[in-house]
Amino acid sequence: MTRALERVAVFVLNDPQAVLYKSITELADEAKSSEASVMRFCRELGFTGFQTFKLALAQEVATQQQASNSASGDVVHDLVETARIALDETDRLLDRSVINDVSAALLKARHIEIFGVAASAITAQYLEYKLARLGLQAHCPRDPHLATMAAATAGPTDVFVLVSSSGSTLDTLRVAQSAHASGAHVVGITNRTKSPLAAVCKSVLLASWPETPLTGGAFPSKISQLLIVDALASAITLIDPSRLELIAQTALSVTDRNV
C-alpha cells in the first residue's frame with residue numbers, strides 16, 4: 001500500500017468499531033488521508049465503495065461481538081441505558097440558539113416541507129404531526145420526486161426540514177440541494193456534522209448516536225431525533241404562547257375518535 005492507504009488501514013485495524021460510525025469524510029480526516037485514498041483502499045480490498053466496505057466490516061464486528069451484545073443480560077435495561085446516554089449526548093450537542101432560530105423560521109414560513117426516507121421518514125412524520133398540533137401546516141411527502149419538485153419551486157420564505165442520520169442519503173440530499181439553490185431556509189436533522197447534507201444546510205440540528213449499516217433506525221438514534229422535534233415544538237410555544245391554545249383546539253377536534 002501507499003502511505004496514504006496504509007494510514008487508512010492502520011486506523012481501521014486499530015478501531016474498526018469507530019469506523020462504522022464515520023462518514024468517508026470523517027475517516028479521511030482522522031486517518032490524515034483523503035476521500036480518494038479511502039475509496040482506493042476499499043476497492044483494493046475488493047469492495048465497490050465505502051458503504052459496501054462498511055457493511056462487510058459491520059457484519060464482521062457484529063459476529064465477533066455476538067456473545068457479549070448485552071452487558072447486563074437484561075435487554076430492556078440495556079435499551080434504557082443506551083437511550084439515556086443518547087439523550088444526554090444530544091442535550092450536550094444541541095445549540096440552543098439554532099433551536100430558537102429554526103423555531104422562529106417555522107413560525108414565519110410561508111410553506112414548510114419535511115422530508116426523510118426509511119427510518120428518517122418516521123422522524124419527519126412526527127415533526128409534521130407536532131407542527132399540526134401547533135396550527136402550523138406542514139407537508140411531509142412520501143415520494144422523493146414530489147419532495148424534489150417542491151424544492152425546485154421553493155422561495156426564501158419557505159423552510160425545508162431534511163432528516164437523515166447519515167447525512168448522505170441520496171434522495172434527501174437532492175431535495176436539500178434543490179431547496180438550497182431555490183433560496184429556501186434548509187434545516188438538517190442529522191447525526192453527522194461532516195456530511196453532504198450538513199454542508200448545504202443553513203441550520204443543522206445534531207442528534208447523538210450515529211448508525212452503522214446494520215443499525216439503521218436504531219432506537220438510540222431515533223429517540224435523539226425525536227428529542228429535537230419536541231425541542232422545536234416547545235421552543236415554538238415559548239416564542240408564541242398562543243400556540244398552546246391551538247394544542248387544545250386540535251385535541252378537541254379529534255375527541256370523537258376516542259371510545
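From a predicted model like this one, the values you see are computed outputs, not experimental measurements. (Residues numbered from 1 in each chain as written. Predicted model: local features only at pLDDT ≥ 70, side-chain atom pairs only at ≥ 80, totals over all residues. Heavy atoms only, no water.)

## Considering the packing of aromatic side chains
- All chains considered together, the criterion is met by three aromatic pairs.
- Ring centres 5.5 Å apart and planes at 85 degrees place the aromatic pair F41 and F53 in the edge-to-face group. With F41 in helix 4 (residues 35–44) and F53 in helix 5 (residues 50–65), this pair connects stretches of sequence that are 12 residues apart.
- Both rings, one in Y126 and one in Y129, keep their centres 6.5 Å apart while their planes meet at 20 degrees; by these two values the pair is stacked. In this pair, Y126 and Y129 both sit in helix 8 (residues 119–133), three residues apart, roughly one turn of the helix.
- Among the residues examined, Y126 registers a relative accessible area of 26% and is labelled partly exposed. (Phe/Tyr/Trp six-rings, centres within 6.5 Å; stacked < 30°, edge-to-face > 60°. Helix = DSSP H or I, 4+ residues; strand = E, 2+ residues; numbered from the N terminus. Buried < 20%, exposed > 50% of the residue type's maximum accessible area, 1.4 Å probe, protein only.)

## Topic: the pattern of salt bridges
- By the definition in use, this model includes nine salt bridges.
- K194 is the salt-bridge partner of D29, the closest N and O atoms lying 3.0 Å from each other. Here K194 lies in the loop between strand 4 (185–190) and helix 11 (196–200) and D29 lies in helix 3 (residues 24–30), a separation of 165 residues in the sequence.
- Looking at D29, the relative accessible area reads 39%, which means it is partly exposed.
- Ionic contacts of the salt-bridge type, sharing partners, join the residues E81, R84 and D88 into one network. (Salt bridge = Lys/Arg side-chain N within 4 Å of Asp/Glu carboxyl O.)

## Let's talk about the packing of helix 9 (residues 144–152) against helix 10 (residues 170–181)
- Direction vectors running N to C along helix 9 and helix 10 enclose 15 degrees, while the axes themselves pass 7 Å from each other. When the interaxial angle is binned, helix 9 and helix 10 end up roughly parallel. Crossing of helix 9 over helix 10 shows right-handed handedness. Seen from helix 9, the contacting residues are P144, A147, T148, A151 and A152; seen from helix 10, they are D171, V175, S178 and A179. (Axes fitted to C-alpha atoms, helices over the stretch in contact; angles between N-to-C directions. Parallel < 35°, antiparallel > 145°, perpendicular 65-115°, else oblique. Left-handed = near helix turned anticlockwise from the far one by under 90°. Contact = heavy atoms within 4.5 Å.)

## Some points on the packing of helix 7 (residues 96–108) against helix 12 (residues 219–239)
- Two numbers describe how helix 7 lies on helix 12: the axes approach to 9 Å, and their chain directions differ by 70 degrees. Put simply, helix 7 runs roughly perpendicular to helix 12. Here helix 7 and helix 12 pass one another in a crossing that is right-handed. In this structure, helix 7 uses I99, N100, V102, S103, A104, L106 and L107 to contact helix 12, whose residues at the interface are A231, L232, A235, I236 and I239.
- A class-by-class count of the residues in the contact of helix 7 with helix 12 yields 10 nonpolar, two polar and no charged. (Nonpolar A, V, L, I, M, F, W, Y, C, P; charged D, E, K, R; others polar.)

## So, a nonpolar patch on the surface
- A surface patch of nonpolar side chains, about 290 Å² in accessible area, is lined by V75, V76 and V80.
- Structurally, V80 is set in helix 6 (residues 75–93).
- Under the relative-accessibility criterion, V80 is labelled exposed at 52%. (Patch = residues over 30% accessible without salt bridge, like charges linked within 9 Å, V, L, I, M, F, W, Y side chains within 5 Å. Areas by Shrake-Rupley, 256 points an atom, 1.4 Å probe, with all protein chains shown as cover.)

## Some remarks on the confidence of the model for the chain
- Mean pLDDT over the chain works out to 89, with 91% of the residues at or above the 70 mark.
- Between the elements of the chain, mean pLDDT differs from a low of 80, seen in helix 5, to a high of 98, seen in strand 1 (residues 111–115). (pLDDT = per-residue confidence, 0-100.)

## Structural notes on the sheet that holds strand 2 (residues 138–139)
- Reading across the sheet, the five strands line up as 2-1-3-4-5 and stay open at both edges, with parallel pairing between neighbours. The open sheet has two edge strands, strand 2 and strand 5 (203–206), and neither has a second partner.
- In terms of strand pairing, strand 1 meets strand 3 (residues 158–164) through five bridges, oriented parallel. In the sheet register, H111 faces strand 3, and the bridge partner there is D158.
- Lying on the sheet, helix 7 is in contact with strand 1, strand 3, strand 4 and strand 5; it crosses strand 5 at an angle near 125 degrees. (Pairing = 2+ DSSP bridges.)

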